[in-house]
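Fold and geometry: a report
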Number of protein chains: 2
Amino acid sequence: MLKPKPNLSAPIAQALREAIGQGQFAIGQKLPSEANLTALHSVSRPVVREAIAELRADGMVEARQGAGVFVIRQQPIGSALFEGIDPEKLSSILEILELRTAVEVEAASLAAQRRSPAQEDAIFSALKAFEEAAAAQVSTVESDLAFHLAIASATNNPRFPQFLTMFGRDAIPRDRLAAQGQEFIADGYLSQIQSEHRQIAEAIAARDAGAAGAAMRAHLQGSQQRYRRMLHRSA
Amino acid sequence: MLKPKPNLSAPIAQALREAIGQGQFAIGQKLPSEANLTALHSVSRPVVREAIAELRADGMVEARQGAGVFVIRQQPIGSALFEGIDPEKLSSILEILELRTAVEVEAASLAAQRRSPAQEDAIFSALKAFEEAAAAQVSTVESDLAFHLAIASATNNPRFPQFLTMFGRDAIPRDRLAAQGQEFIADGYLSQIQSEHRQIAEAIAARDAGAAGAAMRAHLQGSQQRYRRMLHRSA
DNA sequence: CTTTTCCAAGTTGTCTGACAAGATGTCAAC
DNA sequence: GTTGACATCTTGTCAGACAACTTGGAAAAG
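The written sequence of each chain sets the order in which its residues are numbered from 1. To label them, take the chains in the order written and letter them from A, then take the ligands in the order written and number them from 1. Given that this is a predicted model, residues contribute local features only at a pLDDT of at least 70 and side-chain atom pairs are listed and counted only at 80 or more, while totals for whole chains, interfaces and linings are drawn from all residues. Just so you know, side-chain values use all the structure's heavy atoms and leave hydrogens and water out.

Here we take up the protein's contact with DNA strand C. Residues are classed as near a molecule or strand on a simple rule: at least one heavy atom within 4 Å of it. Neighbouring residues of DNA strand C: 20 residues in total, closest Glu34 and Arg45 of chain A together with Leu8, Ser44 and Gln65 of chain B. Among the atoms of DNA strand C close to the protein, meaning within 4 Å, 66% are from sugar or phosphate groups. Contacts to DNA strand C include Arg49 of chain A, whose side-chain N or O atom sits 3.2 Å from a phosphate oxygen. One nitrogen or oxygen atom from the side chain of Gln65 of chain B is found 2.9 Å from a base nitrogen belonging to DNA strand C. Breaking the surface near DNA strand C down by element, the ones donating at least two residues are α3 (45–57), β1 (61–64) and β2 (68–71) of chain A together with α3 (45–57) of chain B. Labels follow the DSSP assignment, with helices taken as runs of H or I lasting at least four residues and strands as runs of E lasting at least two, numbered in each case from the N terminus. The element best represented in the surface near DNA strand C is α3 of chain B, accounting for 3 residues. Charged means Asp, Glu, Lys or Arg here, nonpolar means Ala, Val, Leu, Ile, Met, Phe, Trp, Tyr, Cys or Pro, and polar covers whatever is left, Gly included. Of the residues that constitute the surface near DNA strand C, the class distribution is 7 nonpolar, 8 polar and 5 charged. Between N or O atoms, a polar contact is any pair within 3.5 Å; within protein, one atom must be a potential hydrogen donor and the other a potential acceptor, and residues adjacent in sequence are included only when both atoms are from side chains.

Quick look at the protein's contact with DNA strand D now. Lining the immediate surroundings of DNA strand D are 20 residues, of which Leu8, Ser44 and Gln65 of chain A together with Arg45 and Gly66 of chain B lie closest. Of all atoms in DNA strand D that approach within 4 Å of the protein, 68% are sugar or phosphate atoms. Glu34 of chain B places a main-chain nitrogen or oxygen 2.9 Å from a phosphate oxygen of DNA strand D. Within the side chain of Arg49 of chain B, a nitrogen or oxygen atom sits 3.1 Å from a phosphate oxygen of DNA strand D. Counting residues per element, the surface near DNA strand D draws most heavily on α3 of chain A, which supplies 3 residues.

Residues and elements named next belong to chain A. Axis separation between helix α5 (residues 117–135) and helix α6 (residues 141–153) bottoms out at 8 Å; the angle between their running directions is 170 degrees. For the element pair α5 / α6, the angle class is roughly antiparallel. Contact residues: Gln119, Ala122, Ile123, Ala126, Leu127, Ala129, Phe130 and Ala133 in α5; Ser143, Asp144, Ala146, Phe147, Ala150, Ile151 and Ser153 in α6. The residue makeup of the contact of α5 with α6, split by class, is 11 nonpolar, 3 polar and 1 charged. Orientation is described by lines fitted to C-alpha atoms, with helices fitted over the stretch in contact, and by angles between N-to-C directions that extend from 0 to 180 degrees. Relative orientations are named as follows: roughly parallel for angles under 35 degrees, roughly antiparallel for angles over 145 degrees, roughly perpendicular for angles from 65 to 115 degrees, and oblique for any other angle. Residue contacts are counted whenever heavy atoms from the two residues lie within 4.5 Å of one another.

Further remarks concern the environment of Glu62 of chain B. Residue and element names in this part refer to chain B. Its place among the elements puts Glu62 in strand β1 (residues 61–64). Sequence spacing of Glu62 and Lys30 is 32 residues, and the spatial spacing of their C-alpha atoms is 9.5 Å. Only 3.4 Å separates the side chain of Glu62 from the side chain of Arg64, close enough to count as a polar contact.

All right, on to the nonpolar core then. Counting residues in each nonpolar core, the largest one holds 28 residues, and the members touching the most others are Leu99, Phe160 and Phe163 of chain A together with Leu99, Phe160 and Phe163 of chain B. Secondary-structure elements contributing two or more residues to this core are α4 (90–114), α6 and α7 (159–170) of chain A together with α4 (90–114), α6 (141–153) and α7 (159–170) of chain B. Residues within four places of Phe160 of chain B in sequence aside, it is in contact with Glu98, Leu99 and Ala102 of chain A together with Val103, Glu106, Ala107, Leu110, Ala152 and Thr155 of chain B. For this analysis, a nonpolar core means a set of buried residues of the types Ala, Val, Leu, Ile, Met, Phe, Trp, Tyr and Cys, connected via side-chain atoms within 4.5 Å. Exposure classes here rest on a 1.4 Å probe applied to the protein chains alone. A residue is buried below 20% of its type maximum, exposed above 50%, and partly exposed in between.

With that out of the way, let us pick up the pairing of β1 of chain A. Residue and element names in this part refer to chain A. Two elements, β1 and β2, share 4 bridges in a ladder whose sense is antiparallel. Residue Glu62 lies in a different strand from β2, and its bridge partner there is Phe70. Once β1 ends, the chain turns through 3 residues before running back antiparallel as β2, passing Gly66 with a positive phi of about 90 degrees. Here, any two strands with at least 2 DSSP bridges between them count as paired.

Before going further, it helps to examine unusual backbone geometry. Residue and element names in this part refer to chain B. A positive phi angle, near 60 degrees, is found at Asn156, a position not held by glycine. The residue Asn156 is located in the loop between α6 and α7 in this model. The phi dihedral of Arg207 falls on the positive side, at around 60 degrees, and the residue is not glycine. Position of Arg207 relative to the elements: it lies in the loop between α9 (190–205) and α10 (209–234). A relative accessible area of 45% means that Arg207 is categorised as partly exposed.

Another aspect to go through is the packing of α5 of chain A against helix α9 (residues 190–205) of chain A. All names here are of chain A. Between α5 and α9, whose axes approach to 10 Å, the crossing angle comes to 170 degrees. Considered as vectors, α5 and α9 are oriented roughly antiparallel to each other. Contact residues: α5 offers Glu120, Ile123, Phe124, Leu127, Phe130, Glu131 and Ala134, while α9 offers Leu190, Ile193, Gln194, His197, Arg198, Ala201, Glu202, Ile204 and Ala205. Across the contact of α5 with α9, the residue classes break down as 10 nonpolar, 2 polar and 4 charged.

A separate point is the side chain of His219 of chain B. You can see His219 of chain B is positioned in helix α10. When neighbours within four sequence positions are excluded, His219 of chain B is seen to be in contact with His148, Ile193, Glu196, His197, Ile200 and Arg226 of chain B.

Two aromatic rings, taken as a pair, are described by how far apart their centres are and by the angle between their planes. Ring pairs shown here join Phe, Tyr and Trp side chains whose ring centres sit within 6.5 Å, with only the six-membered ring taken for Trp; geometry is labelled stacked below 30 degrees between planes, edge-to-face above 60, and tilted in between. On inspection of all chains with the given rule, the structure shows 1 aromatic pair over all chains. Pairing Phe163 of chain A with Phe163 of chain B gives two aromatic rings, centres 5.9 Å apart and planes at 75 degrees, and the pair type is edge-to-face. In this pair, Phe163 of chain A sits in helix α7 while Phe163 of chain B sits in helix α7, so the two residues belong to two different chains. Phe163 of chain B shares its class with Phe163 of chain A; the two are buried. Positioned over the ring face of Phe70 of chain A is Arg64 of chain A, at 4.0 Å from the centre of the ring. To sit over a ring, a charge needs its Lys NZ or Arg CZ within 6 Å of the ring centre and within 35 degrees of the ring normal.

Given below as structure tokens:
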């Protein structure tokens, strides 16, 4: 499947984001009028309006009817999160995995200290769901994330599952996650991953914080290795 | 100044975000056509198109010309970042500090393994700047963050300083950070903090990853205690 | 001279209609 | 069963018109 043809509004929105980010239009300042942007970019007015709608969604501008479109932020809300991440580069993915390792090792340790019986159940349910997906030879991407999220939730600190949602899913594009899921099946890694998952879950059930953290670290370092091998082969 | 009159596309974009978030349109599924949405919401087609442009900016949908508009995410990118954080509540602050501890302990350990001589210099410069601010009895909030950022940078993984920027500064309001700075001065904590900073810096200089991580953990747990005491007293 | 009112010009918001480009499904021909 | 033609639907863009609002300057009023 080829990428869809880009529309005319996207590069205009992007040019405006960059112009604002570089200080060409300061906070409180007015953007050029729609008529000016239409002439400047040689497009119709609705295309300009759609670009401005995108900036609105970014929280960067506010339009006042009759007055103009005014800058209220220099960067899209949350934009620093993914700055410099290039999904086509191995290094970007591994950087994210390294940051995730820091958080998830701590999460496993805290989960071992804090989990309730219900949360322990949820972890084992998620472990089972992963095993069922693996047995069915379908993609384990969602069930893998669900297992990690169940652990993060058992920290009883909502920042941990929130972090994981963002860095486990948002920062890595879906097609790359889907490809990962398929290749793990093909490469026969799933039983190794299952075994690692089980060790983590059992250490958490046993309230052994040190073992939970160590098992999670081993699992995630294994993931990094698997990921490296997979990407090197596909290059 | 009164709020600007809301336009017609904003509530439509919001209704669509909610419908997607609640699973009415699953990932991969097609939204109703523009013609349908136009009839459903009794607006013109450009208004619908602007609403869809907002969803595009959110990263939630992808339009394919001739085929339709397809859901690719259930939530806007980055939406989870500050969800549920209430800066007036001690628990929110401590939750963030706990997440930061996970990342900063790992960062200290990685910095000990990876730092260049220049980065080592930068860490000691930041240590000295903190000490000078403490001696001058001025707020140490910025120099404290700069010290932590110098360590995160020495990981040579840009995700770490990015994370710290967002969770060290953006998530906690400036007035609360400023109050913290002033109260640390009043409470005579600064020499304790300096001593802890020095232990971290020296472990990093010595390339002792274990000691660096342990010193950082002790420091940040000390910070949590100090923060708790301070907040309990001001209540 | 100062303040208030009015109005023209400019700006965003919405609608209508038309056509282009592309996707999808059906049917006929091979 | 496969391929090509075609109709229908869908998104992308353009043009034109009018509504609603803002701003600044000029004129009128005090």
